[in-house]
Amino acid sequence: MSRLFSTRPGDDGLPGPERRLAVLALILGTTMAVVDTTMVNLALPSIAADLGVAPARAVWVTNLFQVACAAFLLVFAALSELVSRRRLYVAGLVVFAIAALGSALSRSLETLLVFRTLQGVAAAATLSIGPSLYRSIFPSRLLGSALGLSSLVVATGYAMGPALGGVVLSVASWPWLFALPVPLALGAVGLAWKALPRETGRRGGFDGPGAVLAMTMLASFFWAMDRAGDGGSLPEALAGLAASLIAGVGFVARQRRAPHPLLPLSIFRSPRFSLAVLASGLVFVGHGLAFVALSFLYQQGMGFTPLETAWLFTPWPLTIMLVGPLAGRLADRVNPSLLSSAGIALLMAGLASLAWLDAEAGVLDCLWRTALCGLGFGLYQPPNNRELMASVPAERSANASGVMSTTRTVGQSLGVALVGACLAAGVPIQATLWAGMAATLLAMLASLGRVGLAGEAMRARRRAAAERVQ
């Protein structure tokens, strides 16, 4: 860990000692957003009962947060170029804290939904630019290690969220789940304002029409995925997809002629970037699909209780916590595309082994298979994220970060919707896991397609580093 804060001649990014507080601010902000999401899922039955609403309506406490967050990812990534990433990140933390407090004080579902939507918007402000801030804080030679640390933070949040939520709900009511992130957010505000890199915003206009089209495209897509995931409302799902497609076509057309495009399409000319984005989206389809499918498989197919099911999931994030930082460090030294391809292969093997589970399988049978998935995912993600971020010019880091976050959320949402559609059609739950494995197979083909390019880029980086030293 100490090497992350070492300084060498020719390093870009912040000086070694200044990186510590900056990273701590990012860790607090990411942990706050991830833990909040996973904790609140556990409280939905309690919220429904306390507010006197149907469980189906209480689900919107989570859904609106996700839709709002997804809709604003690309918008905030572009806006950060005007106002600076530091100001946008701090503003996101402040609004998140205010909205969290408002959620805790809400006494009607309608009020709670308003504040949860605001929380989703605030979370988008931090999550959209988080990876690009790692690139500006750390020198290029440590980018893989830095993104490995980021994956560790996210995995830790996913692992501790349900457990922390369960502990809080065992001794207090659900509003305390929303109040819990408030001091964390306020602490992160002070650190972020002091330690994050100071930047000068670019001059020029903001692509307002592009922003409206991007929000419409993403919000409609997530609405459609939610409707499809319900196993019904097919007309609504198709209408949402149609609206998303129309807005998407308009968005691309707008970006081609906008003087200051929200998302410069030129970044997709890099095969390394485009293939990293494609691999990421397909892997997250399998990831989102597996987490929902396994919940049904463990409880309905194998008879485990909800609490037992939660524990059966823990090897996945725990393995990522162990492997992710190591994979990120290796990605600074070894061809990252080879590493991510190997990780996808292990994830495929894990999903296939889970698909072969039968009703008589025991706890250990489930645990090692889930751990294998976590091993593969942990080995894949930091190297792939390194490739995605390093394959674009530094001035496009915020745009690349927004694309990364959007791809992740779109992939996960599509995976969840596929499970809902398969269940509605009467398809066996194991078949959905095979579909997830098929998605990861396509991801591996995309990852292997950029191995040569990644190797060439690594050799060029080493030559440049040697010249700087001389």
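Residues numbered from 1 in each chain as written. Predicted model: local features only at pLDDT ≥ 70, side-chain atom pairs only at ≥ 80, totals over all residues. Heavy atoms only, no water.

Trainee: How do you make sense of the overall build of the chain when you look at a structure like this?
Mentor: Along the chain, the regular secondary structure elements total 19 helices and zero strands. Based on the C-alpha atoms only, the size of the chain along its principal axes is roughly 65 × 45 × 45 Å. If you take every contact in the chain between residues at least 6 apart in sequence, the share linking residues at least 24 apart comes to 83%. Carbon together with sulfur atoms contributes 69% to the accessible area of the chain, which is approximately 19,100 Å² in total. In the chain, the 34 positive side-chain charges and the 21 negative ones have mean positions that sit 12 Å from each other. (Helix = DSSP H or I, 4+ residues; strand = E, 2+ residues; numbered from the N terminus. Contact = heavy atoms within 4.5 Å. Areas by Shrake-Rupley, 256 points an atom, 1.4 Å probe, with all protein chains shown as cover. Lys, Arg positive; Asp, Glu negative; His and termini not counted. Charge placed at Lys NZ, Arg CZ, Asp CG, Glu CD.)

Trainee: In this structure, what is going on with the pattern of salt bridges? I would like to understand it.
Mentor: When their charged atoms lie close together, side chains carrying opposite charge are able to pair. With the rule as written, the count across this model stands at five salt bridges. Here glutamate 81 makes a salt bridge to arginine 396, at a shortest N to O gap of 3.8 Å. Here glutamate 81, found in helix H3 (residues 60-83), pairs with arginine 396, found in the loop between helix H16 (363-390) and helix H17 (397-424); they are 315 residues apart in sequence, far enough to count as distant. On the basis of relative accessibility, which here comes to 17%, the residue glutamate 81 falls in the buried class. (Salt bridge = Lys/Arg side-chain N within 4 Å of Asp/Glu carboxyl O. Buried < 20%, exposed > 50% of the residue type's maximum accessible area, 1.4 Å probe, protein only.)

Trainee: Explain a nonpolar patch on the surface here, please?
Mentor: Together, Leu441, Leu442, Leu445 and Leu448 make up an exposed nonpolar region whose accessible area comes to about 360 Å². One can find leucine 448 in helix H18 (residues 429-448). By relative accessible area, which is 43% here, leucine 448 ends up partly exposed. (Patch = residues over 30% accessible without salt bridge, like charges linked within 9 Å, V, L, I, M, F, W, Y side chains within 5 Å.)

Trainee: What should I look at first to understand the packing of helix H14 (residues 315-331) against H16 in this one?
Mentor: The description of two helices packed together rests on the angle between their axes and the distance between the axes. Where H14 meets H16, the axes come as close as 7 Å, and the angle between the chain directions of the two elements is 30 degrees. Note on packing geometry: the crossing formed by H14 with H16 is right-handed. Packed against H14, whose contacting residues are Pro315, Trp316, Thr319, Ile320, Val323, Gly324, Ala327, Gly328 and Ala331, the element H16 presents Leu367, Thr370, Ala371, Cys373, Gly374, Leu375, Phe377, Gly378, Leu379, Pro382, Pro383 and Arg386 at the interface. When its residues are assigned to classes, the contact of H14 with H16 shows 14 nonpolar, six polar and one charged. (Axes fitted to C-alpha atoms, helices over the stretch in contact; angles between N-to-C directions. Left-handed = near helix turned anticlockwise from the far one by under 90°. Nonpolar A, V, L, I, M, F, W, Y, C, P; charged D, E, K, R; others polar.)

Trainee: Any chance you could explain unusual backbone geometry here in plain terms?
Mentor: Glycine aside, the phi torsion of most residues is negative, and most peptide linkages are trans. The phi dihedral of serine 84 falls on the positive side, at around 85 degrees, and the residue is not glycine. Position of serine 84 among the secondary structure elements: in the loop between H3 and helix H4 (85-105).

Trainee: What is the right way to read the side chain of serine 136 from this model?
Mentor: Here serine 136 is to be found in helix H6 (residues 130-137). Engagement of the side chain of serine 136 in a polar contact is seen with the backbone oxygen of leucine 133, the distance being 2.9 Å. (Polar contact = N/O pair within 3.5 Å; in protein donor to acceptor, adjacent residues only side chain to side chain.)

Trainee: Looking at this structure, I do not really get the nonpolar core. What am I missing?
Mentor: In globular proteins that are soluble, nonpolar side chains generally tend to be buried together. Counting 62 residues, the largest nonpolar core has Tyr89, Ile137, Leu196, Leu262, Phe273 and Leu388 as the members making the most contacts within it. Element by element, the count of residues in this core is highest for H3, at eight residues. Each residue touching phenylalanine 273, except ones within four places of it in the same chain, is listed here: Ile267, Phe268, Leu388, Ser391, Val392, Ala400 and Val403. Core analysis: the second largest hydrophobic core is formed by 35 residues, Ala155, Leu289, Tyr298 and Ala443 among them. (Core = buried A, V, L, I, M, F, W, Y, C linked by side-chain atoms within 4.5 Å.)

Trainee: Just checking my understanding: could you explain helix H11 (residues 234-257) for this structure?
Mentor: Count 3.6 residues to each turn of an α-helix, and residues three or four apart come out pointing the same way. If you check H11, its first and last C-alpha atoms are 35 Å apart, about what 24 residues at 1.5 Å a residue would give, namely 34 Å. Looking at H11, one finds that the buried residues are Ala237, Gly240, Ser244, Ala247, Gly248, Phe251, Arg254 and Gln255. (Expected span 1.5 Å × (residues − 1).)

Trainee: Help me out: how do you make sense of the side chain of arginine 272 in this one?
Mentor: Its location among the elements puts arginine 272 in helix H12 (residues 271-301). Look at arginine 272 and you get buried, because its relative accessible area is 15%. With residues near it in sequence (within four places) discarded, arginine 272 still touches Glu387, Ala390, Ser391, Arg450, Leu453, Ala454 and Ala457.

Trainee: Any chance you could explain the packing of aromatic side chains here in plain terms?
Mentor: When we look at a pair of aromatic rings, we describe it by the centre distance and by the angle of the planes. Tallying each qualifying case throughout the model produces 11 aromatic pairs. Aromatic ring contacts, followed pair by pair, group Phe284, Phe377 and Tyr380 into a single cluster. When the ring centre of tryptophan 193 is taken as reference, the NZ or CZ atom of arginine 86 above it lies at 3.7 Å. (Phe/Tyr/Trp six-rings, centres within 6.5 Å; stacked < 30°, edge-to-face > 60°. Lys NZ or Arg CZ within 6 Å of the ring centre and 35° of its normal.)

Trainee: Help me out: how do you make sense of the environment of alanine 242 in this one?
Mentor: Assignment of secondary structure puts alanine 242 in helix H11. Residue alanine 242 is classed as partly exposed on the basis of its relative accessible area, which comes to 36%. On a C-alpha basis, the gap between alanine 242 and leucine 326 in space is 43 Å, while along the polypeptide they are 84 residues apart.

Trainee: I would appreciate a short explanation of the environment of proline 209 in the present structure.
Mentor: Along the polypeptide, proline 209 turns up in helix H10 (residues 208-229). Residues proline 209 and glutamate 360, 151 residues apart in the sequence, show an inter-C-alpha distance of 56 Å.

Trainee: Help me out: how do you make sense of helix H1 (residues 16-51) in this one?
Mentor: For H1, which comprises 36 residues, the first-to-last C-alpha distance of 50 Å matches the rise-based estimate of 52 Å (1.5 Å per residue) to within 8%. Glycine 52 lies just past H1 and shows a positive phi near 70 degrees.

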